[in-house]
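# Structure assessment
Take a look at the letters that make up each chain.
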Amino acid sequence: MNNAVKGFCNRWVSATSFGLIPLFSIPVMTGAVTMQTPSILVYRFAFGCLGILAVLLWKRTDLRLDRKEALEIALLALLYDVEALLMILGYKYMPSGPATTLVFSYPIWTEILMLVFFHERFSWTTILAMTLAFAGVACMSGFDPSGQTKFIGVVIELMAGLAYSFYMVCMSRMKVRNMSSLKLTFYVFLFGLVFFVLFAGLFTEGVEPIRNSEMLFNLLMLGIVCTALSNVMLIPAVKQIGATLTAILGAFEPLTAMIVSLLVFGDHLTPTIIIGFLLIIGAVMVLITTKMRPQTSASNC
């Protein structure tokens, strides 16, 4: 029982800290002094890498990679980068709470990929989950009288969830699936950091400097709390309460983002958004509880 309580606490910290991404990213995007999204992600992954590296060094983890592992991680990092970029971009077009909920729909996308590419059979639970998810997306995208949600934002966040589902499916069939979860997460973030530095140099004016203490604080929290802490706390949770319960408690991620959206940013909570939130969470829970696959990586999206 004591071990289970620790597992629940670890997962709650992990999911809640990840759900705080809007709290620290949106002020950097919309404040008096702003920063472009690629640069935000450079600092997020840079500070996140430092936090995870400290844990790896403390555990004296062997950090060596062979060539095949490096190539596989490069592909995973690219997919993860697409998800991270689209997730934050979507905040420009819709409230952060519903946006994070749409990204959390990635288990639905994963199931679709398994059906299409690996010819898994349809089951009544799959059909039910997809129906609930479709209805939830419709509620969040089509009936917002406040005008805060734009259709392009819904599309962007759904594509973020799709990118993360590709990440999960690809990883489960790679050699690196047997690697230590924390080591794999560190290298995914490290390679992702390199990709975003290149992206910023090619498509923007380069990595922007941190201009004031408020921006530094938000970027530090984004990297240390929402990235490093979230992933570090997730790993013991999986060992203590199992993969299924850990995945179910991931619902705290969009729930936290929804609370931040309402209390901090003053976004409107309409009945259709509530219904959409519950439908999508319900769809994910149906899949997780009836058809849970063990995942080798413990990284949050």
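Let me begin by describing the structure that accompanies this report. (Residues numbered from 1 in each chain as written. Predicted model: local features only at pLDDT ≥ 70, side-chain atom pairs only at ≥ 80, totals over all residues. Heavy atoms only, no water.)

## Describing the pattern of salt bridges
Here is the rule: Salt bridge, as used here, is a side-chain nitrogen of Lys or Arg placed within 4 Å of a carboxyl oxygen of Asp or Glu. The rule is simple: take the accessible area with a 1.4 Å probe, protein chains only, and divide by the maximum for that residue type; under 20% is buried, over 50% is exposed, in between is partly exposed.
In the structure shown here, the tally under the stated rule is four salt bridges. Arg64 is paired through a salt bridge with Asp62; the nearest N and O atoms lie 2.8 Å apart. Accessibility expressed as a relative area gives 40% for Asp62, which makes it partly exposed. Among the salt bridges present, the one from Arg211 reaches Glu208, with a minimum N-O distance of 3.3 Å. A relative accessible area of 11% places Glu208 in the buried class.

## Here's the deal with helix H5 (residues 96-103)
Note the cut-off: Only runs of H or I of at least four residues qualify as helices and only runs of E of at least two qualify as strands under DSSP, and these elements are numbered from the N terminus.
Among the eight residues in H5, eight count as buried, and that is most of the element. What H5 keeps buried is the set Ser96, Gly97, Pro98, Ala99, Thr100, Thr101, Leu102 and Val103.

## Quick notes on the packing of helix H6 (residues 106-117) against helix H8 (residues 151-171)
Relative orientation and spacing of two packed helices are given, respectively, by the angle between their axes and the distance between those axes. Basically, it comes down to this: Convention adopted: a line fitted to C-alpha atoms gives each axis, helices being fitted over their contacting stretch, and angles between N-to-C directions are expressed from 0 to 180 degrees. For classification, angles of less than 35 degrees are called roughly parallel, those exceeding 145 degrees roughly antiparallel, those between 65 and 115 degrees roughly perpendicular, and all remaining angles oblique. Each crossing gets its handedness from the near helix: less than a right angle anticlockwise from the far helix is left-handed, clockwise is right-handed. Residue contacts are counted whenever heavy atoms from the two residues lie within 4.5 Å of one another.
Relative orientation of the contacting elements H6 and H8 amounts to 55°, with a least axis distance of 8 Å. The angle between H6 and H8 places the two elements in the oblique class. Considering the relative orientation of H6 and H8, their crossing is right-handed. Contact residues: H6 offers Tyr106, Trp109, Thr110, Leu113 and Met114, while H8 offers Leu158, Met159, Gly161, Leu162, Tyr164, Ser165, Phe166 and Val169.

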